[in-house]
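# Coordinate analysis (summary)
If you want the building blocks of each chain, they are given just below.
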Number of protein chains: 2
Amino acid sequence: MDKKGVQDYYPDDLSYCYGCGRLNEYGHQLKSYWDGEETIARFTPKPYHIAVPGFVYGGLIASLIDCHGTGSAALAAYKAENREPGTFPPFRFVTASLQVDYLKPTPLGVELELRGKIVEVKGRKVITEITVSANGTVTAKGKVVAVQITENFLKV
Amino acid sequence: MDKKGVQDYYPDDLSYCYGCGRLNEYGHQLKSYWDGEETIARFTPKPYHIAVPGFVYGGLIASLIDCHGTGSAALAAYKAENREPGTFPPFRFVTASLQVDYLKPTPLGVELELRGKIVEVKGRKVITEITVSANGTVTAKGKVVAVQITENFLKV
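Worth saying up front: this structure is predicted, and the values here are computed from it rather than measured. (Residues numbered from 1 in each chain as written. Chains lettered and ligands numbered in written order. Predicted model: local features only at pLDDT ≥ 70, side-chain atom pairs only at ≥ 80, totals over all residues. Heavy atoms only, no water.)

### Overview of the overall build of chain A
Within chain A one finds 1 helix and 6 strands. By the compact-globule yardstick of 15 Å for 156 residues, chain A fits well, its C-alpha radius of gyration being 15 Å. Counting the 156 residues in chain A, one finds 53% classified as buried. A separation threshold of at least 6 residues defines the contact pool for chain A, and within that pool the share at least 24 residues apart is 60%. As displayed, chain A has an accessible area near 7000 Å², and 49% of this comes from carbon and sulfur atoms. (Helix = DSSP H or I, 4+ residues; strand = E, 2+ residues; numbered from the N terminus. Rg over C-alpha atoms; globule rule 2.2 N^0.38 Å. Buried < 20%, exposed > 50% of the residue type's maximum accessible area, 1.4 Å probe, protein only. Contact = heavy atoms within 4.5 Å. Areas by Shrake-Rupley, 256 points an atom, 1.4 Å probe, with all protein chains shown as cover.)

Dropping the structure here:
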């Protein structure tokens, strides 16, 4: 993908997340960016990301919702300050809670589209709602409560 | 691990789940079994399962809760019929919904212990509550609503 995601602007030492860190060579390197008022990310699962034959395992779907949720939270935080990703200081969120509803089996072998809606931006907390679609059909939906990392986080 | 998990008794064609399938060589191969009235599973994340330095990424935690939830559901279903895993017909559940609360950062580099409590067994639905502990401290908790696979599932 040529277009940069908000994850491309995470500080280097916070860019190793397995789900979305650009510096994690083993991970998914998910990229989240704006598409109008919504956020979007795309990911094509590998054949081994199987649940039962023909379908994606739920843990991957949860991971994608999680990382697109925190990425969308960062996008929303920049927007709330009328700043662009890449301006300082950078935003980096982690997940406080994650809810996933598996509406129907997600087919393996096609690109998945994640779409995020910003539900609330309040202080250090951002709530997003995420859908996962395959072949134009929503197969899962999630709600992510994300909290901005403070310097103390890494000292916990 | 010498002790067999309920996943060791899943039918071969339903044993490829990335999170818990014994036949998925790329996956986590989680094994869930009884420990008294609770279910238990253990997993040591790899160094690349990082979120931010020193901590496990949330997607893996969600995956482990998900798979231990469906494994625990299968264990509960056998128990409800006074049968042992390995007797026929086998039970195999998938996730309808997943809720994860990240209570504190989960340290990377230690074995994680997942413990499950069976909350409800009703028809084809089993609800479990799962905790994730590191070094004896609960770092995340989850609730999994699992539904037994029917033959029609694979035809959806």
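### Remarks on the interface of chain B and chain A
The interface is formed by 37 residues belonging to chain B together with 37 residues belonging to chain A. Between chain B and chain A lies a buried interface of about 2900 Å² when both sides are counted; carbon and sulfur atoms form 65% of it. Our count for the chain B to chain A interface comes out at 14 residue pairs in polar contact (both at pLDDT 80 or more). Mapped by element, the contributors of at least two residues to the side of chain B that touches chain A are α1 (58–80) and β3 (93–102) of chain B. The dominant element in the side of chain B that touches chain A, judged by the number of residues it contributes, is β3 of chain B, at 8 residues. (Buried area = accessible area lost by both parts, 1.4 Å probe. Polar contact = N/O pair within 3.5 Å; in protein donor to acceptor, adjacent residues only side chain to side chain.)

### Quick notes on helix α1 (residues 58–80) of chain A
Residue and element names in this part refer to chain A. Taking 1.5 Å per residue as the helical rise, α1 with its 23 residues ought to reach 33 Å, and the 32 Å between its terminal C-alpha atoms agrees with that figure. Of all 23 residues that make up α1, 21 are buried, and the element is covered over most of its length. At the C-terminal side of α1, N82 shows a positive phi close to 50°. (Expected span 1.5 Å × (residues − 1).)

### Comments concerning the relation of the copies chain B and chain A
For the pair chain B and chain A, the best superposition has an RMSD of 0.0 Å and corresponds to a rotation of 180° with a translation of 0.0 Å parallel to the axis. Between the two chains, the operation in question is that of a two-fold axis. Residues of chain B ranked by C-alpha distance from the rotation axis are headed by Q99 of chain B, positioned 2.2 Å from it. (Least-squares fit on C-alpha atoms with pLDDT ≥ 70 in both.)

### A closer look at the side chain of T139 of chain B
Within the secondary structure, T139 of chain B sits in strand β6 (residues 137–148). Owing to a relative accessible area of 2%, T139 of chain B belongs among the buried residues under this scheme.

### Remarks on empty space enclosed by the protein
Considering all chains together, one arrives at 1 cavity of 30 Å³ or more under this definition. Estimated volume of the largest cavity: approximately 50 Å³. Lining the largest cavity are Y18, H28, H49 and Y57 of chain A together with Y18, H28, H49, Y57 and L60 of chain B. Here the residues of the lining of the largest cavity are counted per class, giving 5 nonpolar, 4 polar and no charged. (1 Å grid on protein atoms, 1.4 Å probe; cavity = no way out; pocket = protein on both sides within 12 Å on 5 of 7 lines; lining within 4 Å. Points joined across faces, edges and corners; volume = space filled by probe spheres on them. Nonpolar A, V, L, I, M, F, W, Y, C, P; charged D, E, K, R; others polar.)

### As for the nonpolar core
One broad trend across soluble globular proteins is that nonpolar side chains are buried collectively. With 74 residues, the main nonpolar core has I65 and L98 of chain A together with I65 and L98 of chain B as its most contacted residues. In this structure L98 of chain B touches A62, L98, Q99, V100 and Y102 of chain A together with A62, I65, D66, K143 and V144 of chain B, once residues within four positions along its chain are discounted. (Core = buried A, V, L, I, M, F, W, Y, C linked by side-chain atoms within 4.5 Å.)

### Thoughts on the sheet that holds strand β2 (residues 38–43) of chain B
The pairing of strands in a sheet comes from backbone hydrogen bonds and takes either a parallel or an antiparallel form. With antiparallel pairing, the 12 strands of this open sheet are ordered in space as β1(A)-β2(A)-β4(A)-β5(A)-β6(A)-β3(A)-β3(B)-β6(B)-β5(B)-β4(B)-β2(B)-β1(B). Because the sheet does not close on itself, it has two edges, and the strands there are β1 (33–35) of chain A together with β1 (33–35) of chain B. Across the sheet, the axes of successive neighbouring strands diverge by a mean angle of 30°, strand direction being ignored. Judged from the 3 bridges that link them, β1 of chain B and β2 of chain B form a sheet pairing that is antiparallel. (Pairing = 2+ DSSP bridges. Axes fitted to C-alpha atoms, helices over the stretch in contact; angles between N-to-C directions.)

### Topic: the packing of α1 of chain A against α1 of chain B
One can describe the packing of α1 of chain A onto α1 of chain B by two numbers: an axis separation of 8 Å at closest approach and a directional angle of 150°. The interaxial crossing formed by α1 of chain A with α1 of chain B has right-handed handedness. Counting all contacts with α1 of chain A, which are made through G58, G59, L60, A62, S63 and D66 of chain A, the residues of α1 of chain B involved are G58, G59, L60, A62, S63 and D66 of chain B. Class assignment of the residues belonging to the contact of α1 of chain A with α1 of chain B gives a composition of 4 nonpolar, 6 polar and 2 charged. (Left-handed = near helix turned anticlockwise from the far one by under 90°.)

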